[in-house]
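Architecture at a glance
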Amino acid sequence: MKLYNSLTRKKEVFSPLKKEVGLYTCGPTVYDYVHIGNLRTYLFEDILKRTLIYNHYRVKHVMNITDVGHLTSDEDSGEDKIEKSAKEKKKTAWEIAEYYTKAFKNDIEDLNIGSPGVYVKATETIEEQIELIEILEKKGFTYQIEDGIYFDTSKLEGYGKLTNLADIEAGKRVDIKGKKNITDFALWKFSKPEEKRQMEWNSPWGVGFPGWHTECVVMAKKYLGVPFDIHCGGIDHVEIHHPNEIAQSEAAFGENLARFWMHGEFLNLKDEKMSKSKGGIVTLSRLKEEGFDPLAYRYLTLNAHYRSKLNFSTEALSGAQNSLNKLRERFLDLGHEEGKVIEKYKKQFLEAMNDDLNAPKALEVLWNLIKDKNEKENDKKSTVTDFDNVLGLSLSSKATEETPEEVKELAEKREKYRENKDFEKADEIRSKLEKMGYYIEDTKESYKIRKYDK
Ligand code: AMP
Ligand code: ZN
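First, a word on what this report is: a plain description of the structure on this page.

Right, let's get into the sheet that holds strand 9 (residues 208–210). With antiparallel pairing, four strands are arranged side by side in an open sheet as 6-7-8-9. At either margin of the open sheet sits one strand with a lone partner, and together these are strand 6 (142–145) and strand 9. Strand-to-strand twist across the sheet, computed as the mean angle between neighbouring axes with direction ignored, equals 25°. Strand direction decides the pairing type here: strand 8 (residues 185–190) and strand 9, joined by three bridges, are antiparallel. Following the sheet pairing, Trp188 is matched in strand 9 by Pro210. In the packing of helix 4 (residues 126–138) onto the sheet, the strands contacted are strand 6, strand 7 (148–151), strand 8 and strand 9, and the crossing angle to strand 8 comes to about 120°. Relative to the sheet, helix 7 (residues 241–253) contacts strand 7 and strand 8, its axis offset from that of strand 8 by approximately 90°.

Put into structure tokens, the structure is as follows:
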């Protein structure tokens, strides 16, 4: 299996360090609903995990919930996102975090993204974070200024892994008074007396809260050890968040946090990254309100490679919904009998997925299989079901929903009316069925009952 490693900037053969693959994915900052751009990243990580499992690896997946310490600017300035949201919505910071964590988990479930084995909140590991900062302090990598404890990036040889330092330095605008180097970052921030924070803790340096980059290092190490296999996130993390995680790990433990670093490209809206600050975000709930099936969004993202930008539009999503509906119908047409997995197709499918998760290619293999007239229906059914372990489109569960007797009887009655050319009565029944969520598709010899997707 080959995966693109952002660290070496090439595709590398992957094999895990231990029996179980250690996978850490940076989770949401729970101050608001996530948008479908964020969800694209979690979908890519889900496909990665499913592909590892399809290759017979066991995966230990850890995802953090950032419930403190992520500031409105990634560069250690601005307000804490959770505290800000709490003020605006007149709730406690803890209520905000809990509410949006729940909303996030609903979205994940709707998209058929498997839950990580471990969810860990940043606020659950404050003690360990303080310990990490103490190690860094002892080794001489920290300094204190008015607003907190900072990591001195000039002390670490080779700081700036994953990124192009010159670009980063040129691109930085915001700076904090007293910071020694433009790339230095906060490990611990002090609560400001006028700020009245709800989330704050004692530390050897004073009351405050941890920096976002420290949190992830600690949570990853706690559950996976150092180094572990794969660390993932959105492409924006190659500039600040991930280099700063790596820097702390190298400084404190003498080695990189993870061996493979993988990043998902952005979902764009009108050729710009979908993001709150740029406006125009779309949530999954909105898509649902508009009548889309969340899995149509999943299908849409599968149709683009995770390292390519994907432009979102309602038209593109409608196209994905149509393709998914067609796929479900074709799957139903394959009948209920199981056959054997067709090795020729499985090989092509696996080759596509194992080539740095080429899901668009894998979908192509799936459609070629469906259209192949030389293969037996039951074998095709079993093969598609097997592929769906990776694609996660829930084809089987949608297909096994039994049609109620009442619906079958009505459909039969309608057929009789049609045979007797009583089209008015036949149409009456058709409308009745539609209200019940079913429609009839007339075929050459007879008819098929279909269920509207809801
Ligand atoms: P945040 O809550 O801002 O930390 O974002 C959560 C995750 O979503 C991070 O891994 C981001 O890199 C990712 N992300 C943010 N915006 C987008 C986008 N437009 N497309 C894809 N991923 C995104
Ligand atoms: Zn992180």
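In total, this model carries 28 salt bridges according to the counting rule given. Notably, a salt bridge pairs Arg259 with Asp229, separated by 2.9 Å at the nearest N-O pair. Of the two residues, Arg259 sits in strand 11 (residues 258–264) while Asp229 sits in strand 10 (residues 228–234), which places them 30 residues apart along the sequence. For Arg259, a relative accessible area of 27% gives the class partly exposed.

To continue, consider the coordination of the zinc ion (ligand 2). Six octahedrally arranged donors around a metal ideally form angles of 90 or 180 degrees; four tetrahedrally arranged donors ideally form angles of 109.5 degrees. Of the protein atoms, only Cys26 (SG), Cys216 (SG) and His241 (NE2) coordinate the zinc ion (ligand 2), at distances of 2.0 to 2.2 Å. For the zinc ion (ligand 2), the donor residues sit on a single chain with the sequence spacing C-x189-C-x24-H. Here Cys26, found in the loop between strand 3 (20–25) and helix 1 (36–54), pairs with His241, found in helix 7; they are 215 residues apart in sequence, far enough to count as distant. Neither residue differs from the other here; Cys26 and His241 are each classed as buried.

The rules behind these values
- Residues numbered from 1 in each chain as written.
- Chains lettered and ligands numbered in written order.
- Predicted model: local features only at pLDDT ≥ 70, side-chain atom pairs only at ≥ 80, totals over all residues.
- Heavy atoms only, no water.
- Pairing = 2+ DSSP bridges.
- Helix = DSSP H or I, 4+ residues; strand = E, 2+ residues; numbered from the N terminus.
- Axes fitted to C-alpha atoms, helices over the stretch in contact; angles between N-to-C directions.
- Contact = heavy atoms within 4.5 Å.
- Salt bridge = Lys/Arg side-chain N within 4 Å of Asp/Glu carboxyl O.
- Buried < 20%, exposed > 50% of the residue type's maximum accessible area, 1.4 Å probe, protein only.
- Donors = N, O, S within 2.8 Å, 3.2 Å for Na, K, Ca; no water.

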